[in-house]
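Chain by chain, the residues run as shown.
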Amino acid sequence: MANEDCIFCKIINGEIPADFLFEDDRQIVFKDINPLAPIHLLLVPKKHIRSINDLENSDQAIISDLIMRAKSMAEKMSVDKSGYRLFFNVEKGGGQEVFHLHLHLIGGWD
Ligand SMILES: [Zn+2]
């Protein structure tokens with residue numbers, strides 16, 4: 001399932017160290033190394049899926065897991081009340097830099 005050239009698969013497999021803010025059997029959460037905001041988290045499914053374009057019907061639970069986890073991470077990072085943005089970049093023209101599907105959570109502005 002893992003793609004050997006994929007940096008997120010390497011993080012998931014522990015080949016590249018990262019501080020996980022959350023991990024379960026389906027997803028991980030860690031901080032973006034090039035944050036766009038005071039809080040910038042990446043929510044990454046453990047299954048290697050290139051982008052939103054590559055989702056299959058059987059992947060619906062993966063997407064709902066990401067959204068529900070984003071909600072709880074926003075609470076954990078105390079940006080739920082002040083507000084935050086959730087977004088997927090899709091392919092190069094959409095700003096995607098790592099081709100393993102991930103959800104961005106940004107917030108924490110004054
Ligand atoms: Zn991957």
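The following paragraphs examine the structure supplied in this document. (Residues numbered from 1 in each chain as written. Predicted model: local features only at pLDDT ≥ 70, side-chain atom pairs only at ≥ 80, totals over all residues.)

## Observations concerning the overall build of the protein
Thinking step 1. Of regular secondary structure, the protein possesses two helices and five strands.
Thinking step 2. On C-alpha atoms alone, the protein measures out to a radius of gyration of 13 Å, which is about the 13 Å that the 2.2 N^0.38 rule sets for 110 residues.
Thinking step 3. Considering only C-alpha atoms, the protein reaches an extent of 40 × 30 × 30 Å along its principal axes.
Thinking step 4. For the protein, the residues scored as buried account for 21% of the 110 residues in total.
Thinking step 5. For the protein, long-range pairs separated by at least 24 residues make up 56% of all intrachain contacts whose partners lie at least 6 apart in sequence. (Helix = DSSP H or I, 4+ residues; strand = E, 2+ residues; numbered from the N terminus. Rg over C-alpha atoms; globule rule 2.2 N^0.38 Å. Buried ≥ 20, exposed ≤ 12 C-beta atoms within 10 Å, placed from the backbone. Contact = placed C-beta atoms within 7 Å.)

## Here's the deal with helix α2 (residues 60–76)
Thinking step 1. Between the first and last C-alpha of α2 there are 24 Å, a value that for 17 residues agrees with the 24 Å anticipated at 1.5 Å per step.
Thinking step 2. Of all the positions in α2, only Leu66, Arg69, Met73 and Ala74 are classed as buried. On an axial view of α2, the arc spanned by its buried residues comes to 140 degrees, and they lie on one face. In this structure, α2 carries Gln60, Ala61, Ser64, Ile67, Met68, Ser72 and Glu75 as exposed residues pointing more than 90 degrees from its buried face.
Thinking step 3. Residues of α2 that are buried sit in contact with β1 (20–23), β2 (27–31), β3 (39–45), β4 (84–87) and β5 (103–107).
Thinking step 4. Where α2 ends, the next residue or the one after it, Ser78, has phi of about 60 degrees, a positive value. (Expected span 1.5 Å × (residues − 1). Arc of directions from axis to C-beta.)

## Things to note about the sheet that holds β1
Thinking step 1. On the basis of which strands lie adjacent, the open sheet formed by five strands has the order β1-β2-β3-β5-β4 and antiparallel pairing. Taken across any chain shown, the strands that pair with only one partner, and hence form the sheet edges, are β1 and β4. Neighbour-to-neighbour, the strand axes of this sheet turn through a mean angle of 15 degrees, independent of strand direction.
Thinking step 2. As defined by bridge partners, β4 adjoins β5 across four bridges and the pair is classed as antiparallel. For Phe87, the partnering residue across the bridge sits in β5 and is His104. (Pairing = 2+ DSSP bridges. Axes fitted to C-alpha atoms, helices over the stretch in contact; angles between N-to-C directions.)

Everything listed here is a matter of coordinates, which is why it stays silent on function.
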